[in-house]
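Breakdown of the fold
Here is what each chain is made of, one letter per residue.
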There are 2 protein chains.
Amino acid sequence: MSEQLRPGATIGILGGGQLGRMLAVAAARLGLHVHVFDPDPACPARDVARAATHAGYDDADSLKAFAAAVDVVTYEFENIPTETLDLIEAARPIRPSREALRVSQDRLTEKTWLEELGLTCAPFAAVDDAEGLARAVERIGTPAILKTRRFGYDGKGQARIATPGEAGAAWEAIGGAPAVLEGHVDFLREISVIGARGLDGKVACFDPGENHHEGGILKTTRIPAEISHALATDAVLLAGRILTALDYVGVLGVELFVTETGLVVNEIAPRVHNSGHWTQNGTMIDQFEQHIRAVAGWPLGDGRRHCDIVMENLIGDEVETALALAADPAVALHLYGKAESRPGRKMGHVNRRID
Amino acid sequence: MSEQLRPGATIGILGGGQLGRMLAVAAARLGLHVHVFDPDPACPARDVARAATHAGYDDADSLKAFAAAVDVVTYEFENIPTETLDLIEAARPIRPSREALRVSQDRLTEKTWLEELGLTCAPFAAVDDAEGLARAVERIGTPAILKTRRFGYDGKGQARIATPGEAGAAWEAIGGAPAVLEGHVDFLREISVIGARGLDGKVACFDPGENHHEGGILKTTRIPAEISHALATDAVLLAGRILTALDYVGVLGVELFVTETGLVVNEIAPRVHNSGHWTQNGTMIDQFEQHIRAVAGWPLGDGRRHCDIVMENLIGDEVETALALAADPAVALHLYGKAESRPGRKMGHVNRRID
């Protein structure tokens, strides 16, 4: 198989949530077929995918059949079991590569890797047990955040430690799993860079956006971030270094803290990213198409921004306001087709143009 | 049923070609489900629709089941048999309405209706037989074009008559079907307006584009058309009059000739239109979403243009250039997922931003 897919080829997507759904639409736009793998027959991506397999990520037969049915495999989430990846990689290329997953699946590995690259992270210490946590709190100080090394997202698997006395409760709150203690970062803003790297090694980044979280979940991203041109350039170059060091293929999200002394890397996500949803209405080629182009071995497209935008997530029953929001002519609405809204569940988002 | 659909409601689309495909994607973006009706199991819209029925447009049982499975029905082509529409309308609303189809399905009805509205068409005469054609040629003069009253598209069902002596051959060429003879219009440009009207009666039009045809098939649309602001305003107002007179709901394409003496209506199409594909990369809300919003009873969105664009169709084996075209950073590629390219078949299009 040539590394460059032809129109009519099939991209397999592990995970059929809203990110998989928007990736599937981008692939269809380019004349590529999509086969989604997701345990849930009602997953959002199912509606817009040509084919789907609904089975567990530990179902070897289903995974082998899925791999055989597609030309390349990508994913919408980083917490994919190693065994799943082994089964697929035996048959088909996985893009972005295993290395990107290895680094980003484990917070300790990720922070160590980022520091070895010469980038700055929050002070951190590995925590394997309660005694280790006490030592880490002594070293890092408080306030701090205890985070499980694996399987965290949207604030899950995290506990704040305001004073050393709260360490025991935090350890219980995260279920006593292997963890990392992160020191407090006194940041001015949180920004993110959505970067892409093609199979040919070319890098393209979207303008940095400024993020605001509520309850550990991204609430809004504003483009452009209110930072200097110089800092925006630094942020983009930093993302480019990460992409190149990983020999990355696809779209990657880099969350950064802006501090008085420079940029601090919060975390990286080897996939399209919630803080890049604004690109759907602010650029010619959005993050989803950029990812599909990269994974297909196609040239990256033009991600220049043509307007200012605030992206706002619709979480839980906020989705009830969707129709009213759509009446605002500055608003583009994106809903994920989820039948049931639950607290904290991402149901959709709006991109609001700022004139 | 409320006239305004809720997210999660289902839109039925008659016809699963590329227009149906792009409508399906727009509906999914808004959290609406899509059920496509098309005889061809390999139709382009199938890949991105939640459900599909593959049966003939004369299959009453399948049509009734389709209507029962959806909340509202729209269509991607105007040549839908009357019996099909009767069966569906007995169960579900059809948007745009029967009146729009009645007017636009028959060239004679359409031209008569447009003139009664006070608009200017090319000189025309009804032709029912060879003798009638001779009388029409005498009255209208040559050069002229003989067009079947029904079922014409992309230059099919048309024959040019350069001199009166060619009338017999033209009559044979169109198969002796009921026809209209159109007099020659000496036009400076051909433009089109893509207009939309909501269930609430509000009208929104995209900027007029300038069209160039090759072999009777649209080849390019350039936005903006090279016309004065005053003329662009006239064209938009004219489209608005048509939309309102038809009590229209959805997107409508109006093809116009620009002549020394003003605007002449060529034809109207009660659907999203090839000359509106540029909106996918030149506006916040494109023609497909605008149509879905209207059909769903939702407010229309903002169709303001944010850049200049040339849309170019990829016809037949021109699709082979798709990957090379995608390497141009000014180009957004849209392919329809058709397995087989044939001469004259629309395989995709590109929107090229002009800086």
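Residues take numbers from 1 onward in each chain, read along the sequence in its written order. Labels follow written order: the first chain is A, the first ligand is 1, and so on. Only residues with pLDDT of at least 70 get local features here, since the model is predicted, and only at 80 or more are side-chain atom pairs given and counted; chain-wide, interface and lining totals rely on the full set of residues. No hydrogens and no water enter the side-chain calculation; it runs on all heavy atoms of the structure.

How we decide: UniProt positions are given in the numbering used here, feature names are shortened, and annotations may be inferred rather than shown by experiment.
You'll find chain A entered in an unreviewed UniProt entry as N5-carboxyaminoimidazole ribonucleotide synthase, with Palleronia aestuarii given as the organism. For chain A, the Subunit (unreviewed entry) comment in UniProt is given as "Homodimer." Per its UniProt entry, chain A bears the Catalytic activity (unreviewed entry) comment "5-amino-1-(5-phospho-beta-D-ribosyl)imidazole + hydrogencarbonate + ATP = 5-carboxyamino-1-(5-phospho-D-ribosyl)imidazole + ADP + phosphate + 2 H(+)".

**A word on the packing of helix α2 (residues 60–69) of chain A against helix α3 (residues 82–89) of chain A**
Residues and elements named next belong to chain A. Using the following cut-off: For helices, the fitted axis covers only the stretch in contact; all axes are lines through C-alpha atoms, and the angles between them, taken along N-to-C directions, range from 0 to 180 degrees. Under the DSSP-based scheme used, a helix requires at least four consecutive residues in state H or I and a strand at least two consecutive residues in state E, with every element numbered from the N terminus. Our angle categories are set so that under 35 degrees counts as roughly parallel, over 145 as roughly antiparallel, 65 to 115 as roughly perpendicular, and the remainder as oblique. Rotating anticlockwise by less than a right angle from the far helix to the near helix defines a left-handed crossing, while the corresponding clockwise rotation defines a right-handed one. In what follows, residue pairs with any heavy atoms lying within 4.5 Å of each other are defined as contacts.
Direction vectors running N to C along α2 and α3 enclose 40 degrees, while the axes themselves pass 9 Å from each other. In this view, α2 runs oblique relative to α3, as classed from their interaxial angle. α3 is crossed by α2, and the crossing has right-handed handedness. Mapping the contact onto sequence places A60, L63, K64, F66 and A67 in α2 and T84, L87 and I88 in α3.

**Points about helix α10 (residues 287–295) of chain A**
Residue and element names in this part refer to chain A. What counts, and what does not: The buried label goes to any residue with under 20% of its type's maximum accessible area, the exposed label to any with over 50%, and the partly exposed label to all in between, with areas taken from a 1.4 Å probe on protein chains only. Pairing of N or O atoms within 3.5 Å defines a polar contact, subject to two protein rules: one partner must be a possible hydrogen donor and the other a possible acceptor, and residues neighboring in sequence count only if both atoms are side-chain atoms.
Burial of α10 is extensive: nine of the nine residues sit out of reach of the surface. By the burial criterion, the buried members of α10 are Q287, F288, E289, Q290, H291, I292, R293, A294 and V295. Here α10 starts with a cap whose side-chain oxygen sits 3.0 Å from the backbone nitrogen of F288, and that cap is D286.

**Considerations on the interface of chain B and chain A**
Note the following rule: Buried area is understood as the total, over both parts, of accessible area removed when two parts are fitted together, assessed with a 1.4 Å probe. By definition here, a salt bridge exists when the distance from a side-chain nitrogen of Lys or Arg to a carboxyl oxygen of Asp or Glu is within 4 Å.
On the chain A side, the residues contacting the 39 residues of chain B number 39 residues. Between chain B and chain A lies a buried interface of about 3,500 Å² when both sides are counted; carbon and sulfur atoms form 55% of it. Counting the contacts that link chain B with chain A gives eight salt bridges. Salt-bridge contacts for A:D47 lead to B:R50; the nearest nitrogen and oxygen are separated by 2.8 Å. At the junction of chain B and chain A, the tally comes to 17 residue pairs in polar contact (both at pLDDT 80 or more). Among the elements of the structure, α1 (18–29), α11 (322–326), β16 (331–335) and β17 (346–354) of chain B are those that each provide at least two residues to the side of chain B that touches chain A. When residues in the side of chain B that touches chain A are grouped by element, the largest group, five residues, is from β16(B).

**Describing the side chain of B:H273**
All names here are of chain B. Counting through the fold element by element, H273 comes out in the loop between β14 (262–269) and α9 (279–282). In terms of polar contacts, H273 uses its side chain to reach the side chain of E255, at 3.1 Å. When neighbours within four sequence positions are excluded, H273 is seen to be in contact with I194, G253, E255 and Q287.

**Re the pairing of strand β8 (residues 179–183) of chain A**
All names here are of chain A. In plain terms, the rule: Strand pairing requires that DSSP identify at least two bridges connecting the strands.
By the criterion of burial, β8 is predominantly enclosed, with five of the five residues buried. Alternating positions in β8 separate into two faces, A179, L181 and G183 on one and V180 and E182 on the other, with burial throughout. Alignment of strand β5 (residues 124–127) against β8, held across four bridges, turns out to be antiparallel. Looking at the pairing, A125 lines up with L181 of β8. Alignment of strand β6 (residues 144–148) against β8, held across five bridges, turns out to be antiparallel. Across the sheet, the residue bridging to I145 is E182, located in β8.

**A closer look at unusual backbone geometry**
Here A:R95 and A:P96 are connected by a cis peptide whose omega angle stands at -5 degrees. Residue position: A:P96 is located in the loop between α3 and α4 (98–104). For the bond from B:T142 to B:P143, the omega torsion is -5 degrees, close enough to zero to count as cis. By secondary structure assignment, the location of B:P143 is in the loop between α6 (130–140) and β6 (144–148). One non-glycine residue, A:D247, lies in positive phi territory at about 50 degrees. Mapped onto the elements of the fold, A:D247 is located in the loop between α8 (229–245) and β13 (250–259). With relative accessibility at 53%, the residue A:D247 sits in the exposed group.

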